[in-house]
Structures are given as C-alpha cells and as structure tokens.
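# Coordinates in review
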Amino acid sequence: MNLERVSNEDKLELCRKYYLGGFALLPFLWLVNVLWFFREAFVAPPYGEQPLLRRYVRRSALGVGLWGVGLGAWVGVFQSRRATWGALGDYLAFTLPLGTP
C-alpha cells in the first residue's frame, strides 16, 4: 500500500489496528507499524492526526523492544539451563537431543 495515496484518517486507523493487533501476541505487527509509519509520524510535515500516530508508533517500538528483550532472555536461559531441567527441558525442546548432557 502506498501511504501517499491514503488519507490521514485512514493512516491513523491502520496504525491503530496494527498497534492493537500487537497485543494479540503478534509483536511482528508492532515492528511493521514502526517501520511503516515512522516517516509519517516523525519526518512528514505536521498534520492533525500526527500526534496520535506518533503515540502509536512509539508504543509499538516499546512493545517490540520489550518482546525482543524477553525473547532473548528466554533463549539465553533455555539454552544454558535446558539440560538441568530434566524431562521438562526435553518436553520443551523441539528436537530431543540424544546422549547425555
């Protein structure tokens, strides 16, 4: 979609939908929201809907950042401690390792 052809009200509505969609455990929508609407929110000349658009873009960026930190922490803990969790670690693993840790 070319954002230059869309009205400012429609841009705000689409940005809001992506922002709310991120709360449905879809943080990828927040990332798309930030990448897609960053110029409209912070670079484009001022217009009436821009303050709300900026709010949605900032909150989407915060959500993506928190999800990234959380996912990174989980990966680090899982990779370093899976073997000590015994059967639970094996059940959480996608592939079961063979042999002893």
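In case you missed it, the structure is sitting above this.
Now for a look at the structure at hand. Remember, it's a predicted structure, so these values are computed and weren't measured experimentally. (Residues numbered from 1 in each chain as written. Predicted model: local features only at pLDDT ≥ 70, side-chain atom pairs only at ≥ 80, totals over all residues. Heavy atoms only, no water.)

### Considering the nonpolar core
Leu3, Leu12, Leu14, Cys15, Tyr19, Trp30, Phe37, Ala41, Tyr47, Leu53, Tyr56 and Val57 form the largest nonpolar core, which has 12 residues in total. Those elements that place two or more of their residues in this core are α1 (8–22), α2 (27–42) and α3 (50–81). Top contributing element to this core by residue count: α1, with 4 residues. Ignoring sequence-local partners within four residues, the contact set of Val57 consists of Cys15, Asn33, Val34, Phe37, Ala41 and Phe42. (Core = buried A, V, L, I, M, F, W, Y, C linked by side-chain atoms within 4.5 Å. Buried < 20%, exposed > 50% of the residue type's maximum accessible area, 1.4 Å probe, protein only. Helix = DSSP H or I, 4+ residues; strand = E, 2+ residues; numbered from the N terminus. Contact = heavy atoms within 4.5 Å.)

### Description of the packing of aromatic side chains
Enumeration according to the criterion identifies 9 aromatic pairs in this entry. Seen in terms of ring centroids, Trp74 and Trp85 are 6.0 Å apart; in terms of plane orientation they differ by 25°. Their pairing is stacked. Linking Trp74 in helix α3 with Trp85 in the loop between α3 and α4 (87–92), this pair joins segments that are 11 residues apart in sequence. With relative accessibility at 43%, the residue Trp74 sits in the partly exposed group. Assessed through its relative accessible area of 28%, Trp85 is described here as partly exposed. (Phe/Tyr/Trp six-rings, centres within 6.5 Å; stacked < 30°, edge-to-face > 60°.)

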